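If you want the building blocks of each chain, they are given just below.
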Amino acid sequence: MTPGAPRRWPQAESVADLRRNLAAVQARIEAACRRVGRDPAGVRLLPVSKTRDEAILRLAHAAGCRMLGENKPQEMQRKWQALADLADLRWSAIGHLQTNKARLVARCASEFQALDSLRVAEALERPLQAEGRTLDVYVQVNTSGEASKFGLAPEQVAAFLKQLPAFPALRVRGLMTLALLSDDSVRVRGCFARLRELRDRLRQDAPDGIALDGLSMGMSGDYEIAIEEGATVVRVGQAIFGERSTPDSLYWPKAGS
Ligand SMILES: *Cc1c(COP(=O)(O)O)cnc(C)c1O
């Protein structure tokens, strides 16, 4: 498979469709693990449900999904409310967060994968403490050097991590990145390798309580490469739910080239 090569992801419309797609992705995860001698139990598949309606999300739950990833806080909150009857369904906020939306994430999400500023850490900490909740977080790193991507520059991450023990409601789990959206698998792989090397380097003197084991990297077009480079979480939408009609520029401003 060539990452980024044109592929057809048919729309999933039933529990059976979703089960089949989940199983197919899981099989590819396991094959990628085998290629590099990893235990598949060390890779979590996070289904990404952005833009999908409530009815499909209910089918995904019936197909076994217990955590769903959403890019935009308001959309996540709307779905969190609509699906509140599914008591074991949890939410992972995977998109860039503005401080004025932090309250929504603190309220609805169990996990936040795009921490990239102390202002956002502060904006999350207060409402989390007020509600007596904690949040698993990943620090987002820009490994592609593209101005359109959010996240800290790799050389900023060490100093950033040193500040995070001041936010006890945030449980740091690892690092997250988006690779270059490109057909060039060598450059895509380079982004993932960069995140892993950064993690390995920083892990040695991470502050107490800061766990850096997690690497959230890889999406529908490139998750197998990400696993070969050490991903512990892959965020997969289209390969499970079907092709999205909305352009990625909605989620990565000025993406492209
Ligand atoms: C949408 C999204 C994904 C999943 O992308 P697919 O192409 O649907 O697999 C992964 N990560 C983030 C941050 C996203 O917004």
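Not measured: the values here are computed from a predicted model.

Student: Could you give an account of the overall build of the protein, naming the residues involved and the relevant values?
Tutor: Regarding its fold elements, the protein presents 9 helices and 8 strands. For the protein, the C-alpha radius of gyration of 17 Å lies close to 18 Å, the compact-globule estimate for 257 residues. Viewed in the frame of its principal axes, the protein has a C-alpha envelope of about 45 × 45 × 35 Å. The proportion of buried residues among the 257 residues of the protein is 53%. Residue pairs at least 24 apart in sequence account for 67% of intrachain contacts in the protein once pairs closer than 6 positions are excluded. Charge-centre separation for the protein: the mean point of 37 positive side chains lies 1 Å from the mean point of 31 negative side chains.

Student: An account of helix α1 (residues 15-35) is needed here, citing residue identities and associated values.
Tutor: Spanning 21 residues, α1 covers 30 Å between terminal C-alpha atoms, matching the ideal 30 Å at 1.5 Å per step. Taken residue by residue, α1 has D17, L18, N21, L22, V25, I29, A32 and C33 as its buried positions. For α1, the arc enclosing every buried residue in end-on projection is 145°, short of the 170-degree limit, so these residues lie on one face. Away from its buried face, by an angle of more than 90 degrees, α1 presents the exposed residues A16 and R34. Next to the buried residues of α1 lie β1 (44-47), α2 (54-62), α8 (223-228), β8 (233-236) and α9 (238-241). Residue G37 follows α1 closely and has a positive phi angle near 70°.

Student: With reference to specific residues and values, describe the environment of A55.
Tutor: Positionally, A55 belongs in helix α2. Along the backbone, A55 and S14 are 41 residues apart, and their C-alpha atoms lie at a distance of 9.8 Å.

Student: Residues and numbers for the nonpolar core, please.
Tutor: Residues F112, L115, L124 and L164 are the most contacted members of the largest nonpolar core, which totals 73 residues. Those residues in contact with L124, other than ones at most four positions away along the chain, are L97, A102, V105, A106, F112, L135 and L170. Counting residues in hydrophobic clusters, the runner-up holds 7 residues, among them L46, I94, Y138 and V233.

Student: Which residues make up the pattern of salt bridges, and what are the values?
Tutor: Enumeration according to the criterion identifies 20 salt bridges in this entry. Residue E75 is joined to K79 by a salt bridge in which the shortest nitrogen-to-oxygen separation is 2.8 Å. Placement of both E75 and K79 in helix α3 (residues 73-82) is noted, with a separation of 4 residues, approximately one turn of the helix. Exposure remark for E75: the relative accessible area of 13% places this residue in the buried category. Put simply, R199 and D200 hold a salt bridge, and the shortest N to O gap is 2.9 Å. Classification of R199 by relative accessible area gives buried; the value is 9%. For D200, a relative accessible area of 30% translates into the label partly exposed. Here the salt bridges share partners, and the residues they tie into one network are R35, R189, R196, E197, E228 and E229.

Student: Before we move on, could you go through the packing of α1 against α2 and cite the residues and values that matter?
Tutor: The interhelical angle for the contact between α1 and α2, taken along N-to-C directions, is 60°, at an axis separation of 9 Å. Between α1 and α2, the angle falls in the class oblique. Pair α1 / α2 crosses with right-handed handedness. Of α2, the residues touching α1 (which contributes V15, L18 and R19) are I56, L59, A60 and A62. Across the contact of α1 with α2, the residue classes tally to 6 nonpolar, no polar and 1 charged.

Student: Give a description of the pairing of β8 that names residues and reports values.
Tutor: Looking down a regular strand, the side chains alternate between one sheet face and the other. Burial along β8 is two-sided: the residues V233 and R235 and V234 and V236 are all buried. Relative to β8, β1 is paired through 4 bridges, and the arrangement is parallel. Of the residues in β8, the one forming a bridge with L46 is R235.

Cut-offs used in this document
- Residues numbered from 1 in each chain as written.
- Predicted model: local features only at pLDDT ≥ 70, side-chain atom pairs only at ≥ 80, totals over all residues.
- Heavy atoms only, no water.
- Helix = DSSP H or I, 4+ residues; strand = E, 2+ residues; numbered from the N terminus.
- Rg over C-alpha atoms; globule rule 2.2 N^0.38 Å.
- Buried < 20%, exposed > 50% of the residue type's maximum accessible area, 1.4 Å probe, protein only.
- Contact = heavy atoms within 4.5 Å.
- Lys, Arg positive; Asp, Glu negative; His and termini not counted.
- Charge placed at Lys NZ, Arg CZ, Asp CG, Glu CD.
- Expected span 1.5 Å × (residues − 1).
- Arc of directions from axis to C-beta.
- Core = buried A, V, L, I, M, F, W, Y, C linked by side-chain atoms within 4.5 Å.
- Salt bridge = Lys/Arg side-chain N within 4 Å of Asp/Glu carboxyl O.
- Axes fitted to C-alpha atoms, helices over the stretch in contact; angles between N-to-C directions.
- Parallel < 35°, antiparallel > 145°, perpendicular 65-115°, else oblique.
- Left-handed = near helix turned anticlockwise from the far one by under 90°.
- Nonpolar A, V, L, I, M, F, W, Y, C, P; charged D, E, K, R; others polar.
- Pairing = 2+ DSSP bridges.

Don't take any of this as a statement about function, it's just geometry.
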